[in-house]
Amino acid sequence: IIALAIVSSISIVVFLIWELTEKNPIVNLHIFRHRNFTVGTLAYTFAYAAFFGGGLLVPLWLQTQLHYTAFWAGLATAPLGIFPILLAPLIGKYSHRFDLRALASFALMIFGGIFFARSQFNLDVDFAHVAVLQLIQGIGIAMFFMPLLTILLSDLAGDEIAAGSGLATFMRTLGGSFAVSITTYMWNNRAVVHHAQLAESFAPTSPATRFSIESLGQGNVQLAMSKLDAMINQQAYQIAFNEIFLGLAFVLLSMILSIWAARPPFFTSTASAAPVEH
């Protein structure tokens, strides 16, 4: 792993030098000289990474900790797509009447609020609570992609639109890929830490511990210890889940500052003609 990390680091440096000095680069990094593209891509990448990481963690948590089947986990998360389908045409038609920074900021506030609400979850949360939060989050999705893409492409020259769109999409995809790895790693790692912290309170000589073992195992110590460990493990993963969503909520809200660093106008002939993708 260390050897691969060294090779990767050297390769990135060579790539940057090559692309920055090439007359006709495959990846045109010079477009980062544009203010709106730079701050827009920054917000696009990190906000999507946080959104994607959280979106991955919810069904994983439902199936591994709340013991949902894949079918019911899918039903709980499916409402996420309702509002984007309904609102996307309206956002595209009327977005020119609003400051796109305000629309994107509102979307990030919805994301941040939903993620903060998830950071308060416990093991007794019901299906409806999970599904309703997914439904509300869909409003943010409808107001996030189109305004932010328009912002980041707004100050590019006509011949830079294709390169800018491709580079922004690449950065978004890269951010999502990193988020998947980091989120699952942090969830498992923090769960291990919290498991150790929770287990410390169960001293073998404690009357409360002995009572728990007797009540859980009904005379079978091995069975009782197994059940107790499973309960501690489940609580540890829940605490880790809450911590991650609290952290992701702050990441999402902090990207609002980046969005407001962009400068209008955002609707130009080149930007409005640029392709918008999801």
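Quick caveat: nothing in here was measured; it's all calculated off a predicted structure. (Residues numbered from 1 in each chain as written. Predicted model: local features only at pLDDT ≥ 70, side-chain atom pairs only at ≥ 80, totals over all residues. Heavy atoms only, no water.)

Brief notes about the overall build of the protein chain
Okay, step 1: Check the secondary structure of the protein chain and you find 11 helices and 0 strands.
Okay, step 2: Tracing the protein chain from N to C terminus, the helices and strands come up as α-α-α-α-α-α-α-α-α-α-α.
Okay, step 3: Judged by the C-alpha coordinates and their principal axes, the protein chain covers about 75 × 50 × 30 Å.
Okay, step 4: In the protein chain, which comprises 278 residues, the share counted as buried stands at 42%.
Okay, step 5: Restricting to contacts in the protein chain with at least 6 residues of sequence separation, those with at least 24 account for 83%. (Helix = DSSP H or I, 4+ residues; strand = E, 2+ residues; numbered from the N terminus. Buried < 20%, exposed > 50% of the residue type's maximum accessible area, 1.4 Å probe, protein only. Contact = heavy atoms within 4.5 Å.)

Brief notes about the packing of aromatic side chains
How two aromatic rings sit relative to each other is given by the distance of their centres and the angle of their planes.
Okay, step 1: The final tally for this structure, using the stated rule, is 17 aromatic pairs.
Okay, step 2: An angle of 85° between the planes, with centres 5.8 Å apart, marks the rings of phenylalanine 71 and tryptophan 72 as edge-to-face.
Okay, step 3: Tryptophan 72 sits in the partly exposed class, given a relative accessible area of 44%.
Okay, step 4: Through successive ring pairs, a cluster of aromatic residues spans Tyr44, Tyr48, Phe51, Phe52, Phe111, Phe144 and Phe145.
Okay, step 5: Sitting over the ring of tyrosine 48, arginine 172 keeps its end group 5.2 Å from the ring centre. (Phe/Tyr/Trp six-rings, centres within 6.5 Å; stacked < 30°, edge-to-face > 60°. Lys NZ or Arg CZ within 6 Å of the ring centre and 35° of its normal.)

What to know about the confidence of the model for the protein chain
Regions with low pLDDT should not have their predicted coordinates read in detail.
Okay, step 1: Averaged over the protein chain, the pLDDT score is 88; the fraction of residues at 70 or greater is 93%.
Okay, step 2: Scored below 50 in pLDDT, residues 269-278 shows 21 contacts in the model against residues more than four places distant or in partner chains. (pLDDT = per-residue confidence, 0-100.)

Considering a nonpolar patch on the surface
Okay, step 1: On the surface, Phe170, Leu174, Phe178, Ile182, Tyr185 and Met186 cluster together to form a nonpolar patch covering roughly 610 Å² of accessible area.
Okay, step 2: The residue phenylalanine 170 is located in helix H8 (residues 161-199) in this model. (Patch = residues over 30% accessible without salt bridge, like charges linked within 9 Å, V, L, I, M, F, W, Y side chains within 5 Å. Areas by Shrake-Rupley, 256 points an atom, 1.4 Å probe, with all protein chains shown as cover. Salt bridge = Lys/Arg side-chain N within 4 Å of Asp/Glu carboxyl O.)

Things to note about the environment of alanine 131
Okay, step 1: Here alanine 131 lies in helix H6 (residues 127-142).
Okay, step 2: We classify alanine 131 as buried; its relative accessible area is 11%.
Okay, step 3: A C-alpha to C-alpha distance of 7.6 Å links alanine 131 and alanine 78, two positions 53 residues apart in sequence.

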